[in-house]
Amino acid sequence: MRAMSNAPSIDWDSYLDEAIERLCAFLRVDTSNPPGNEILACNFLGEILKAEGIDYDLYDAGNGRVSLRAVLKGDGSKRPLMLLNHTDVVPVEREFWDEEPFSGLIKDGHIWGRGALDMKGLGIAELMAFLTLKRLNIPLARDVIFFAQADEECGSEYGMRFIEREYPETLDAEFVINEGGGGSTEAFGVERPVYSIAVSEKGPLWLRLVAEGRPGHGSVPHDDNALDRLVRAMHRIQEWERPMTVSPVLTEYFGRLNRAGIYKGEATADALKAAAERDPRIRALLTNTISATTATSGIKHNVIPARAEATLDVRLLPGVRPEEFEAELTAVMDDPKVRIERVHVGWSDTNPFDTEMFRVMEDVLHELMEDAVVVPGMTVGFTDSSVLRNRGTISYGFSGGLTTPNVARGVHGHNERVSIESFRLNCQAVWEVTRRMCAK
Ligand SMILES: [Zn+2]
């Protein structure tokens, strides 16, 4: 990285040694969710903070579902920056792993363990930046908040949503660094580092359709069969042609990739809509998607069922409100005896990308890796950033990590690991962005 004239000098070898040691130890803390047991992660983080003389608060949602927050005070001339992470991880299927998932093992230049990518690696990069600001006694223009949340992987009911309900004042910040972004060694089949800074995400809307009708004998069909009603409603949903929306984020995303020679198609709205007809991954970025995922009905071959159910996994575009979508869906199904039940909901606003922090992130990534292409992005999965964006906070998915598509499959998959080189980049990027945003 280019030396900054006013930047404190960092001994990157020892910084990285410490970061690796802490990440390996953090990966040994089993916070599989369910049950989460994030109090173990809070004990781990709390001890490190205590040893550095940093106070912290715990937010206990019961049953070991605890989140931790610590603050370094600034002079208040700018609003806070939050380093956000979640401490829980998704469970493992041990039999498919080549190494013990909670070993924190280093092998072949990689740090192994559930959470290495999602997201204890970024959590430790944030912690290291936080500790280093304190150790170097750097005067801060804004508060820096380190917030380690519980329960992100199961919908945040005992983490971010609990905090928002009970302690909303703790979420006040101008900017947030969170998961959801990062680098890939290739995109659209072209090998070149592409970094996405996530400024929006799709919102999950999990719905159950319940059709009711009149039971009867299978030998005497009638037109109030619950299963028939459900099938008709599902058919209308399949035929529903939903409009495609090319948001400014996507125009910028594809435009930058096009100019870099990575995305070969044009980045105009019409061209992207045409591309979406052929490519389901592009379509998922341009529309509210609906996947039918389960259907159940009936008890016996010759009995007309009184009830039939199906589940839909709907993903809403940023800015689309769940109620609006449900009203449209009701009109499309056009059957008063098929009702919608909401199982899980989240939605996210879009953050602007013409901000000070976006520019700082771009600069830092380019300094770390000269030929990197940096794009604003939209994640199709969901993160705790949605809660913050909907409160008007700018929450970017950001990481300096650079991952091959093969290693990226470890997220929620098997053999999750992060290369030491990628982790080093992430530590440097998070430190540098945090310092530039906060130092006076
Ligand atoms: Zn995650």
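Residues numbered from 1 in each chain as written. Predicted model: local features only at pLDDT ≥ 70, side-chain atom pairs only at ≥ 80, totals over all residues.

## Observations regarding the sheet that holds strand S5 (residues 110-112)
Strand order in the open sheet formed by three strands is S4-S5-S19, with antiparallel pairing between adjacent strands. Whereas interior strands pair on both sides, the edge strands pair on one side only; in this sheet they are strand S4 (106-107) and strand S19 (417-419). Judged from the three bridges that link them, S5 and S19 form a sheet pairing that is antiparallel. Each bridged residue has a counterpart across the sheet, and for Trp112 the counterpart in S19 is Arg417. Set on the sheet, helix H13 (residues 420-438) makes contact with S5 and S19; between it and S19 the angle comes to about 75°. (Pairing = 2+ DSSP bridges. Helix = DSSP H or I, 4+ residues; strand = E, 2+ residues; numbered from the N terminus. Contact = placed C-beta atoms within 7 Å. Axes fitted to C-alpha atoms, helices over the stretch in contact; angles between N-to-C directions.)

## Digging into helix H10 (residues 356-368)
The periodicity of an α-helix, 3.6 residues per turn, causes residues three or four positions apart to be oriented the same way. Relative to the 18 Å expected for 13 residues at 1.5 Å per residue, H10 spans 18 Å between its end C-alpha atoms, a close match to the ideal helical length. Three or more residues of H10 are buried, namely Met357, Phe358, Met361, Val364, Leu365 and Leu368. Angularly, the buried residues of H10 cover 130° about the axis, an arc narrow enough to put them on a single face. Where the residues of H10 are buried, they touch strand S7 (175-178), strand S9 (190-201), strand S16 (373-379), strand S17 (394-397) and H13. (Expected span 1.5 Å × (residues − 1). Buried ≥ 20, exposed ≤ 12 C-beta atoms within 10 Å, placed from the backbone. Arc of directions from axis to C-beta.)

## As for the packing of helix H1 (residues 12-27) against H13
The N-to-C vectors of H1 and H13 enclose an angle of 110°; their axes lie 11 Å apart at closest approach. In terms of orientation, H1 and H13 fall into the roughly perpendicular class. By crossing handedness, the relation of H1 to H13 is classed as right-handed. Across the interface between the two elements, Tyr15, Leu16, Ala19, Ile20 and Leu23 from H1 touch Ile420, Phe423, Arg424 and Cys427 from H13. Across the contact of H1 with H13, the residue classes break down as eight nonpolar, no polar and one charged. (Parallel < 35°, antiparallel > 145°, perpendicular 65-115°, else oblique. Left-handed = near helix turned anticlockwise from the far one by under 90°. Nonpolar A, V, L, I, M, F, W, Y, C, P; charged D, E, K, R; others polar.)

## Section: the sheet that holds strand S14 (residues 307-316)
If you walk across this open sheet you meet the four strands as S12-S14-S10-S15, and the pairing is antiparallel. Bordering the open sheet on either side are strand S12 (289-297) and strand S15 (338-345), each of which pairs with just one other strand. Adjacent strand axes in the sheet meet at a mean angle of 20°, parallel and antiparallel pairs treated alike. Sheet strands touched by helix H5 (residues 226-239): strand S10 (203-212), S12, S14 and S15. Its angle to S10, the strand with the most contacts, is close to 145°.

## With respect to the domain arrangement of the protein
You can read the domains of the protein as domain 1 (12-200 + 349-438) and domain 2 (203-345). Taken over C-alpha atoms, the centre of domain 1 sits 32 Å from the centre of domain 2. Taken together, the contacts link 19 residues of domain 1 with 18 residues of domain 2. Secondary structure elements with two or more residues in the side of domain 1 that touches domain 2: S9 and S16. Here the residues of the side of domain 1 that touches domain 2 are counted per class, giving 12 nonpolar, five polar and two charged. (Domains from an automatic or database assignment.)

## Notes on the environment of Ala306
Mapped onto the elements of the fold, Ala306 is located in the loop between strand S13 (303-304) and S14. With 18 C-beta atoms packed within 10 Å, Ala306 lands in the partly exposed category. Once you skip the residues sitting within four places of it in the chain, Ala306 turns out to touch Glu212, Gly213, Arg214, Pro215 and Ala226.

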